[in-house]
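# Residue-level structure breakdown
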Amino acid sequence: MMRTRLHAAAFLAVAVAMLIAGGCKKQASASQALPASNEVAGWEKTGETRTFTSATLSDYIDGGAEQYLKAGFKGVSTSDYKFQGKIEATADVYTMSDTNAAQTIFDSDPAGNAKTVALGDAARAFSQSVVFRRGPYLVRIVAFQDSPDTQQALTQLAQAIEKKLSK
Amino acid sequence: MSDRQGTNRRDFLKSCVAGTVALGAGEVLAFASSVQPAKSKVVIAKDAMLRRSGTIDPNRMLALLDRAMQTSFGSHNALEPWKKMVRPGQVVGLKVNTIAGRGLSTNVTLVAAITERLQQAGIKPYDIVIWDRTGHELERAGFPLSSAAGKVRCIGTDAVGYEATPEKFGTASSCLSKILTRTCDVVINVPLLKDHEEAGMTASMKNMYGVIHNPGECHANGCNPAVADVNMLPTIRKKVRFTICDATSACYQGGPGYKPEYVWRPDSLIVGSDPVALDYTAWQIIDRKRLEKGLKALAAAGRTPKYIATAADVHHRLGANDPNQISIVEV
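The model shown is predicted, which means the values in this text are computed figures rather than measured ones.

## Points about the overall build of chain A
If you tally the helices and strands in chain A, you get 5 helices and 7 strands. Counting helices and strands in the order they occur from the N terminus, chain A gives α-β-β-α-α-β-β-α-β-β-β-α. Considering chain A as a whole, with its 167 residues, one finds that 38% of them fall into the buried category.

Printed below as a string of structure tokens:
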């Protein structure tokens, strides 16, 4: 009886450790997926990467947080960028619990007049934003200025993030 | 504090009037009488030429603000509405909304126009306080922080904190920003028009979530009755006098965060003293845009902003949500 309990406890400890390790790995890779300055041509990272957990998500997207938490949220890393000194943007990398959770969030907004782009499992590009999902990750990049270059520049940044997420 | 919980907005204004007569301050009496007509007046002022090369023209913004305020107060000149609302010596807070960053926050040019008129109405620059939850959010939205003497202040609650003791009404039990409780005598609510995933939509009343320490706990059941309850908190009822809702840019889907694909530019201001009537009117504007874009109206999408009806019910009486009791004036 005692041995069974010890085995069960050991199994539980290993399982918890694996879960923690897996979670940390995903959280770390989400943060690392945000490119440094000039890693993507023309893009400068203008701020520190900030991360938010389930407990602090409402500090970042108060009012929008519940939707992510309900779907299955693990963390988000976000950073500000500037393209060629003129287009400001924010990139968010959400780590969801699984692919379905990422899809739930992705599908919650209508595609409207989005352009389809080849990014991740599904993607949409608008004139001032690019959204894609890949596995448990949901990436949203929004620009604060519209110009003829904006969409292409955002797509290049998104491609760089996707490449890092797939490593 | 708790003795106010049974009173409504009309009672509060009556008490203001009584106090005013006792003090002999005629302007506040005029304000009280002008903001409680038979119907709640909501003014929508629009300027199709507000922007020049995509950027808001400050002169046209000032003119738009004047048109909105003068229509709301039935005034013949630009300063009269402000003189009815505030008095020299009072500290006037402008509660902006900056959580979504620069793309979807209260417009800086609008706030500059409001501070200009307040100063012309006799409010000293230092007695004007632009504020929101955090300094970081204010700066990201384009409001440089300032506490310098002789200048308009711009501060986040994170710099001064929240009261230790919560105020309570119904489901709401929240510690309020010290900027509201200790710094400001009067607050003008300066939110913006947004779709909201949980609440349905947000304009006037929901902006008070930026005043409390625990907004994250107030989003259950479509923020209902929490929005109405928060707006019943005594200090909020006492100090928040008027709403100037920024509808120069607004979003009809995907809020409250900034998703530029769902942002449009009504180039309008929506103003009024009845936050419920204003929110009801704002809801109709969001719904019209959603239908125009081929989306379901909020109710059909399962996101009715139920808190608006709650705010008008017999337990709250914060204003009117019956269209027959609302006078919408478009100028």
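## Some details on the overall build of chain B
Regarding its fold elements, chain B presents 12 helices and 15 strands. Looking at chain B as a whole, 52% of its 331 residues qualify as buried. Sequence separation of at least 24 residues holds for 70% of the intrachain contacts in chain B that already meet a minimum separation of 6.

## Side note on the interface of chain B and chain A
Taken together, the contacts link 20 residues of chain B with 17 residues of chain A. Across the side of chain B that touches chain A, the residue classes break down as 7 nonpolar, 8 polar and 5 charged.

## Thoughts on helix α5 (residues 108–120) of chain B
Helical geometry: 3.6 residues make up each α-helical turn, so side chains three or four residues apart lie on a common side. All names here are of chain B. With 13 residues, α5 should reach 18 Å at 1.5 Å per residue; the first-to-last C-alpha distance of 18 Å fits that figure. For α5, every residue scored as buried is listed here: Thr109, Leu110, Val111, Ala113, Ile114 and Leu118. Glycine 122 lies just past α5 and shows a positive phi near 105 degrees.

## Re helix α4 (residues 99–107) of chain A
All names here are of chain A. Among all positions of α4, only Ala101, Ala102, Ile105 and Phe106 are buried. All buried residues of α4 lie within an arc of 135 degrees about the axis, which places them on one face of the element. Set apart from the buried face of α4 by more than 90 degrees, the exposed residues are Asn100 and Asp107. The inward-facing, buried residues of α4 abut α3 (65–71), β4 (87–96), β5 (122–125), β6 (129–134) and β7 (137–143).

## Observations concerning the environment of A:Tyr94
Residue and element names in this part refer to chain A. Here tyrosine 94 is to be found in strand β4. For tyrosine 94, a count of 26 C-beta atoms within 10 Å gives the class buried. Along the chain, tyrosine 94 and threonine 51 lie 43 residues apart, while their C-alpha atoms are 9.7 Å from each other.

## Some remarks on the packing of helix α3 (residues 58–73) of chain B against α5(B)
If you want to describe how two helices pack, look at the angle between their axes and the distance between the axes. All names here are of chain B. Look at α3 against α5: their axes get within 9 Å of each other, and the N-to-C directions meet at 60 degrees. Considering their axes alone, α3 and α5 lie oblique with respect to each other. Seen along the crossing, α3 lies across α5 with a hand that is right-handed. Facing α3, whose interface residues are Pro58, Met61, Leu62 and Leu65, α5 presents Thr109, Leu110, Ala112, Ala113, Ile114, Glu116 and Arg117.

## Some details on unusual backbone geometry
All names here are of chain B. For the peptide bond that leads from asparagine 224 to proline 225, omega is 10 degrees, which places it in the cis range. Position of proline 225 relative to the elements: it lies in the loop between α8 (220–223) and α9 (226–231). With omega at 10 degrees, the peptide bond leading from glycine 255 into proline 256 counts as cis. Within the fold, proline 256 resides in the loop between β12 (240–251) and β13 (263–264). A positive phi angle, close to 55 degrees, is found at serine 53, a residue other than glycine.

## Concerning the confidence of the model for chain B
Parts of the prediction with low pLDDT should not have their coordinates interpreted in detail. All names here are of chain B. Mean pLDDT over chain B stands at 90; residues scoring 70 or higher make up 89%. Counting contacts from residues 1–33, a segment whose pLDDT is below 50, to residues more than four positions away or on other chains yields 31 contacts. With pTM at 0.84, the complex prediction returns an ipTM value of 0.76.

## So, the environment of B:Asn321
Note on placement: B:Asn321 falls in the loop between α12 (307–312) and β15 (326–330). Sequence-distant contacts of B:Asn321, defined by excluding residues within four places in its chain, comprise B:Val276, B:Tyr280, B:Ile308, B:Ala309 and B:Ala312.

## A word on the confidence of the model for chain A
All names here are of chain A. Looking at chain A, pLDDT values average 85 and 83% of them are 70 or higher. Ranking the helices and strands of chain A by mean pLDDT puts strand β1 (residues 43–45) first, with 97, and helix α1 (residues 2–32) last, with 54. Counting contacts from residues 15–28, a segment whose pLDDT is below 50, to residues more than four positions away or on other chains yields 7 contacts.

## A word on the environment of B:Ile123
All names here are of chain B. When you line up the elements, isoleucine 123 lands in the loop between α5 and β5 (128–132). A sequence separation of 194 residues divides isoleucine 123 from arginine 317, and the C-alpha atoms of the two residues are 31 Å apart. Here isoleucine 123 is in contact with Val86, Pro88, Val92, Leu118 and Ile128, once residues within four sequence places are set aside.

Analysis parameters
- Residue positions within a chain follow its written sequence, with the count starting from 1.
- All chains are assigned letters beginning with A, and all ligands numbers beginning with 1, in the order in which they are written.
- The model is predicted, so local features are restricted to residues of pLDDT at least 70 and side-chain atom pairs to those at 80 or more, both for listing and for counting; the totals for chains, interfaces and linings are taken over all residues.
- Labels follow the DSSP assignment, with helices taken as runs of H or I lasting at least four residues and strands as runs of E lasting at least two, numbered in each case from the N terminus.
- Residue burial is a threshold on neighbouring C-beta atoms within 10 Å of the residue's own C-beta, all placed from the backbone, with 20 or more meaning buried, 12 or fewer meaning exposed, and counts in between meaning partly exposed.
- Placing a C-beta atom from the backbone of each residue, one calls two residues in contact when those atoms lie within 7 Å.
- Gly counts as polar in this scheme, as do all residues outside two lists: the nonpolar Ala, Val, Leu, Ile, Met, Phe, Trp, Tyr, Cys and Pro, and the charged Asp, Glu, Lys and Arg.
- Under the convention used throughout, the expected extent of a helix is 1.5 Å for every residue step, that is, one less than its residue count.
- The arc refers to the directions leading from the helix axis to the C-beta atoms.
- Between the N-to-C directions of two axes lies an angle of 0 to 180 degrees, each axis being a line fitted to C-alpha atoms and, for a helix, fitted only over the stretch in contact.
- Small angles under 35 degrees read as roughly parallel and large ones over 145 as roughly antiparallel, with 65 to 115 read as roughly perpendicular and the rest as oblique.
- Helix crossings get a hand from a simple test, with the near helix turned counterclockwise from the far one by less than a right angle marking a left-handed crossing and a clockwise turn marking a right-handed one.
- The pLDDT score gives, residue by residue, the confidence of the prediction method on a 0 to 100 scale.

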